[in-house]
Amino acid sequence: MIKFDLNIKDENIIGHGIEAAKPFIIAGPCSVESKEQIDVIAESISKLGVRYLRGGAFKPRTSPNDFQGLGGNGVELLHAAAKKFGMKTVTEILDPMQLDQYYDYIDVIQIGSRNMTSSGLLKIVGQKTAPLQKPVLLKRGFSSTLSELIHAADYIRNEGNPNVLLCLRGIRTFEQIDSELRFTPDLASIIELKNRTDMPVIYDPSHSAGDSRFVNEISKAAIALGADGLLIETHNRPECALTDGKQSITPEQLSRICKYIEKYNSIQ
Ligand code: PEP
Ligand code: MN
């Protein structure tokens, strides 16, 4: 069994509240779609040693006409699947009401790229998570600078919760004009963030390129550059996924990344 567990010490916070053999993996589908879907994925990735189950329930879609996620029901399904397979949950909230209502179902609160600059939301998340210092995974806005990302994290930390994980997920630049990349992988920023802050740096190889064919190599690069963890969209049937199927890998493909991390750790 691979040892890159990320233990959140709910009642007994030490340091960042996160103790992990690194890098650790957060995996699961872009969106929770049904009980069957999330159960099957949770079961197969938990067997790989993955302890953090992601799954979007409140989806920040560009168009209001696209699938918006299962909402509260999605969070409940994610929580039940995680519990069944001994995992922790990671999911995005879009507003303070969702945070209040589903707070106890979420172990790591995700703030998405599109909300990185919502300072009002960040302050509320900081206040709410401060008492138990519940970890917050803050994703870089896709047109935001690293300084802006660090300032956004400060909005949360200044309210009394130091447990912010910074997540790089690709940026918008010229690359997309004549390539098939969805975003430009901001890999070198891992090094700079590690130099500039004491916060854990997570890399998202799924959104950063937008193509499952690149996930393996980008994951390896992120690890080599010092990422503390990876956030990887994983689906049992990517071709049928309701969101982000093109960039989702299968549990079988994820197992190769897990094996790579194991090998990498053994030679460090
Ligand atoms: C996600 O993690 O599914 C997501 C919506 O990511 P981002 O906010 O980086 O676009
Ligand atoms: Mn996604």
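Refer to the structure printed above.
What you see is a predicted model; the values in this text were computed from it and never measured.

Asks: Even after reading the chapter, I still don't get the site of ligand 1, so can you show me in this structure?
Replies: In the vicinity of ligand 1 there are 13 residues, among which Arg54, Ser113, Arg114, Lys139 and Arg169 approach most closely. For ligand 1, an oxygen atom lies 2.8 Å from a polar atom in the backbone of Ser113. One of the side-chain nitrogen or oxygen atoms of Glu233 is found 3.3 Å away from an oxygen atom of ligand 1.

Asks: Got a minute to help me understand the coordination of the manganese ion (ligand 2) in this structure?
Replies: Reference values for coordination geometry: four tetrahedral donors around a metal ideally subtend 109.5 degrees, six octahedral donors ideally subtend 90 or 180 degrees. For the manganese ion (ligand 2), the full set of protein donor atoms is Cys30 (SG), His207 (NE2), Glu233 (OE) and Asp244 (OD), at a range of 2.1 to 2.4 Å. Overall, the relative accessible area of 2% leaves Cys30 in the buried class.

Asks: Would you mind going over the packing of aromatic side chains with me for this structure?
Replies: Any aromatic ring pair is given by two values, namely how distant the centres are and how the planes are angled relative to each other. For the coordinates displayed, the defined rule picks out four aromatic pairs. With a centroid separation of 6.2 Å and 55° between ring planes, the pair formed by Tyr102 and Tyr105 is classed as tilted. We classify Tyr102 as buried; its relative accessible area is 12%. Ring-pair connections join several aromatic residues into one group, and the members of that group are Phe58, Tyr102 and Tyr105. A cation over an aromatic ring shows up here: Lys134 above the ring of Tyr103, its NZ or CZ 3.9 Å from the ring centre. If you follow Arg169 out to its NZ or CZ, it ends over the ring of Phe183, 4.2 Å from the centre.

Asks: What is the right way to read the sheet that holds strand 8 (residues 164-168) from this model?
Replies: Two strands in a sheet stick together by hydrogen bonds in their backbones, pointing the same way (parallel) or opposite ways (antiparallel). Spatially, eight strands are ordered 3-4-5-6-7-8-9-10 in a closed barrel, and the strand pairing comes out parallel. Shown here is a sheet whose adjacent strand axes are inclined to one another by a mean of 25°, direction ignored. Bridge analysis of strand 5 (residues 88-92) against strand 6 (residues 108-111) gives three bridges, and the strand direction is parallel. Note on strand 6: the bridge partner recorded for Thr91 is Ile109. Sitting on the sheet, helix 9 (residues 251-267) touches strand 3 (24-28) and strand 10 (229-233), and the angle it makes with strand 3 is about 175°.

Asks: What is the right way to read the packing of helix 8 (residues 212-224) against helix 9 from this model?
Replies: For any two helices packed against each other, the geometry is given by the interaxial angle and the distance between the axes. Axis separation between helix 8 and helix 9 bottoms out at 10 Å; the angle between their running directions is 25°. Compared by their axis directions, helix 8 and helix 9 come out roughly parallel. In the crossing of helix 8 with helix 9, the sense of the turn from one axis to the other is right-handed. Contact with helix 8, carried on its side by Val215, Asn216, Ser219, Lys220, Ile223 and Ala224, involves Ile257, Tyr260, Ile261 and Tyr264 of helix 9 and no other residues of that element. Its residues assigned to classes, the contact of helix 8 with helix 9 shows seven nonpolar, two polar and one charged.

Asks: Just checking my understanding: could you explain helix 4 (residues 119-129) for this structure?
Replies: Helical geometry note: an α-helix holds 3.6 residues per turn, so side chains three or four residues apart project in the same direction. Turning to helix 4, its buried residues are Leu121, Leu122, Val125, Gly126 and Thr129. Down the axis of helix 4, the sector holding all buried residues measures 140°, keeping them to one side.

Asks: Got a minute to help me understand the pairing of strand 3 in this structure?
Replies: Regular strands place their side chains on alternate faces of the sheet. Most of strand 3 is tucked away, with five of its five residues classed as buried. Across the two faces of strand 3 the burial is the same, with Phe24, Ile26 and Gly28 and Ile25 and Ala27 all buried. In this structure, strand 3 lies alongside strand 10, joined through five bridges in parallel fashion. Looking at the pairing, Phe24 lines up with Gly229 of strand 10. Where strand 3 and strand 4 (residues 52-54) come together, two bridges link them in parallel fashion. In the sheet register, Ile26 faces strand 4, and the bridge partner there is Tyr52. Following the backbone out of strand 3, through helix 1 (residues 35-46) and into the adjacent parallel strand 4, one traces a crossover that is right-handed.

Cut-offs and rules
Residues numbered from 1 in each chain as written. Chains lettered and ligands numbered in written order. Predicted model: local features only at pLDDT ≥ 70, side-chain atom pairs only at ≥ 80, totals over all residues. Heavy atoms only, no water. Near = heavy atom within 4 Å. Polar contact = N/O pair within 3.5 Å; in protein donor to acceptor, adjacent residues only side chain to side chain. Donors = N, O, S within 2.8 Å, 3.2 Å for Na, K, Ca; no water. Buried < 20%, exposed > 50% of the residue type's maximum accessible area, 1.4 Å probe, protein only. Phe/Tyr/Trp six-rings, centres within 6.5 Å; stacked < 30°, edge-to-face > 60°. Lys NZ or Arg CZ within 6 Å of the ring centre and 35° of its normal. Pairing = 2+ DSSP bridges. Helix = DSSP H or I, 4+ residues; strand = E, 2+ residues; numbered from the N terminus. Axes fitted to C-alpha atoms, helices over the stretch in contact; angles between N-to-C directions. Contact = heavy atoms within 4.5 Å. Parallel < 35°, antiparallel > 145°, perpendicular 65-115°, else oblique. Left-handed = near helix turned anticlockwise from the far one by under 90°. Nonpolar A, V, L, I, M, F, W, Y, C, P; charged D, E, K, R; others polar. Arc of directions from axis to C-beta. Right-handed = clockwise from strand over helix to strand, strands pointing away.

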